[in-house]
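Residue strings, one per chain:
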Amino acid sequence: MEILQTDEIELNSINTIIQKIFPRFIFDGNDITSSGKSKLEVTKEFCDYLKQNLTNISRLSNDGSDWEIEEKHRKIDAFSILFEMIKQAERNNSQFNFFA
């Protein structure tokens, strides 16, 4: 199996997002950021970024064929976790709470 260094960096990024960033998601999504967007809008943009950039990674086995591994599913989970938080916030007056 060929593991590229960029994959290792991305796996570390996913772990950081899930373990360090998401637990800090306790805020009012209606608050306006310095860019003039609501925190809900910024969070949706971050969710789109995760979907586009962290779910399309593949690793190759020694023979060059695609090889699906558990870590790839964890990448999808980072998007799924944030997507569910957004849906929950939209049902709860834009209040984000990772622990709810």
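Our structure's up above, just so we're on the same page.
Residues numbered from 1 in each chain as written. Predicted model: local features only at pLDDT ≥ 70, side-chain atom pairs only at ≥ 80, totals over all residues. Heavy atoms only, no water.

Asker: Can you help me understand the overall build of the protein chain in this one?
Answerer: Counting secondary structure elements, the protein chain contains 3 helices and 4 strands. When the elements of the protein chain are put in sequence order from the N terminus, they spell out α-β-α-β-β-α-β. Per-residue burial over the protein chain gives 28% buried out of 100 residues. Summing over all exposed atoms, the protein chain offers an accessible surface of approximately 6600 Å²; the carbon and sulfur share of this is 48%. (Helix = DSSP H or I, 4+ residues; strand = E, 2+ residues; numbered from the N terminus. Buried < 20%, exposed > 50% of the residue type's maximum accessible area, 1.4 Å probe, protein only. Areas by Shrake-Rupley, 256 points an atom, 1.4 Å probe, with all protein chains shown as cover.)

Asker: How do you make sense of the environment of D48 when you look at a structure like this?
Answerer: Tracing the backbone shows D48 in helix α2 (residues 39–54). Between the alpha carbons of D48 and F83 there is a distance of 9.0 Å; along the sequence they are 35 residues apart.

Asker: Would you mind going over the packing of aromatic side chains with me for this structure?
Answerer: Centre-to-centre distance and the angle between the planes together describe a pair of aromatic rings. The final tally for this structure, using the stated rule, is 7 aromatic pairs. With a centroid separation of 5.6 Å and an interplanar angle of 80 degrees, the aromatic rings of F22 and F25 are classed as edge-to-face. Relative accessible area serves as the criterion here: at 0%, F22 is assigned to the buried category. The class for F25 is buried, based on a relative accessible area of 10%. Put simply, the rings of F22, F25, F27, F96, F98 and F99 touch in pairs and so form one group of aromatic residues. (Phe/Tyr/Trp six-rings, centres within 6.5 Å; stacked < 30°, edge-to-face > 60°.)

Asker: Can you help me understand the pattern of salt bridges in this one?
Answerer: Oppositely charged side chains can form a pair if their charged atoms are brought close together. A complete count under the given rule lists 4 salt bridges for this structure. With a shortest N-O distance of 2.7 Å, E90 and K44 are connected by a salt bridge. With E90 in helix α3 (residues 70–91) and K44 in helix α2, this residue pair connects regions lying 46 residues apart in the sequence. For E90, a relative accessible area of 43% translates into the label partly exposed. (Salt bridge = Lys/Arg side-chain N within 4 Å of Asp/Glu carboxyl O.)

Asker: Got a minute to help me understand the nonpolar core in this structure?
Answerer: What tends to happen in soluble globular proteins is that the nonpolar side chains get buried as a cluster. Ranked by size, the top nonpolar core spans 13 residues in total, and within it F22, F25, L50, L82, M85, I86 and F96 carry the most contacts. Within the residue set of this core, elements represented by two or more residues are α2 and α3. The element best represented in this core is α3, accounting for 5 residues. Setting aside chain neighbours within four positions, we find M85 in contact with F22, F25, F96 and F98. (Core = buried A, V, L, I, M, F, W, Y, C linked by side-chain atoms within 4.5 Å. Contact = heavy atoms within 4.5 Å.)

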